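Survey of secondary and tertiary structure
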Amino acid sequence: ISTDMDILRKDLLLQKNNEEPISRNVLSRAIELLPELNLIIMDDFGNYSGHCITLPLSLKAYELLKNREISDKELNISDLANYKTMEKPVFFNYDITADCNDNIFYLAHQYLGFFKNLSSSYEYCSYTMRYDSYKINEQLGMELIWENPVQIDGLGLEYRPRFYSGNFKRYFMQE
């Protein structure tokens, strides 16, 4: 697990424009609470190929994120909750990425399968900066809650951080 954690943190630092990602403690606790949606995949040679990080949030933490009172970097262990004991669990997609489309499809299949089989009502949210993630969130039926002004990353590319919320009910009805 220590090696996996090192790999994840290294990749997150690259993706988050070298901003400090969530702490090891928060990530470790999220894995304990929600192993089904906290995945790391390796190729046949043992090389990192992708990951999915989802935090089961308390309703209070969700409201704070939604209302911009805290950022995702400020989440701590006390903001996590056992989704199995919540009337309406909240799932925060912190990060999902892979080295190729096949691997992202694999992770997305695992991810969507979890929600398709979830019997309770739930809230899903994500904070995304990738342009392709905007379209995916819209296709999945998420509602844009807020967006930040355009920013420029280390490569000179523009992005607009956005916060989405909702559930996949409409998406699953289309199948």
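Quick note: structure is the one above.
Description of the structure in this document.

Some words on the sheet that holds strand 2 (residues 48-57)
On the basis of which strands lie adjacent, the open sheet formed by six strands has the order 1-2-3-4-8-5 and mixed pairing. Two strands bound the open sheet, and with one partner strand each, they are strand 1 (39-42) and strand 5 (143-147). Shown here is a sheet whose adjacent strand axes are inclined to one another by a mean of 20°, direction ignored. The pairing of strand 1 with strand 2 spans four bridges and is antiparallel. Counted as the bridge partner of L39 is C52 from strand 2. Strands in contact with helix 4 (residues 101-116) are strand 1, strand 2, strand 3 (90-98) and strand 4 (123-128); relative to strand 3, the strand with the most contacts, it is inclined by about 165°.

Here we look at the nonpolar core
Membership of the largest hydrophobic core comes to 22 residues, with the highest contact counts inside it found for L55, L57, L75, F92 and F163. Listing elements by their share of this core, those giving two or more residues are helix 2 (24-33), strand 2, helix 3 (59-66), strand 3 and strand 4. Beyond its immediate stretch of four places on either side in the chain, L55 contacts I22, V26, A30, L75, L80, V90, F91, F92 and Y94.

Description of the pattern of salt bridges
Where charged atoms from two side chains of opposite charge approach closely, those side chains can pair. The tally for this structure, following the rule as stated, stands at three salt bridges. Two residues, R29 and E32, come together in a salt bridge whose shortest N-O distance is 2.9 Å. Of this pair, R29 and E32 both sit in helix 2, separated by three residues, roughly a single helical turn. A relative accessible area of 55% places E32 in the exposed class. A salt bridge links E123 to K88; its shortest N-O distance comes to 3.5 Å. In this pair, E123 is assigned in strand 4 and K88 in the loop between helix 3 and strand 3, connecting sequence segments 35 residues apart. Judged by relative accessible area, E123 falls into the buried class, the value being 14%. According to the relative accessible area criterion, K88 is partly exposed, its value standing at 41%.

With respect to helix 3
Among the residues making up helix 3, those that are buried are A61, Y62, L64 and L65. What you see down the axis of helix 3 is that its buried residues fit within an arc of 160°, all on one side. Facing away from the buried side of helix 3, by more than 90 degrees, are the exposed residues L59 and K60. Buried residues in helix 3 make contact with strand 2, strand 3, strand 4, strand 5 and strand 8 (162-166).

So, how was this worked out
- Residues numbered from 1 in each chain as written.
- Predicted model: local features only at pLDDT ≥ 70, side-chain atom pairs only at ≥ 80, totals over all residues.
- Heavy atoms only, no water.
- Pairing = 2+ DSSP bridges.
- Helix = DSSP H or I, 4+ residues; strand = E, 2+ residues; numbered from the N terminus.
- Axes fitted to C-alpha atoms, helices over the stretch in contact; angles between N-to-C directions.
- Contact = heavy atoms within 4.5 Å.
- Core = buried A, V, L, I, M, F, W, Y, C linked by side-chain atoms within 4.5 Å.
- Buried < 20%, exposed > 50% of the residue type's maximum accessible area, 1.4 Å probe, protein only.
- Salt bridge = Lys/Arg side-chain N within 4 Å of Asp/Glu carboxyl O.
- Arc of directions from axis to C-beta.

In short, shape yes, function no, at least from these values alone.
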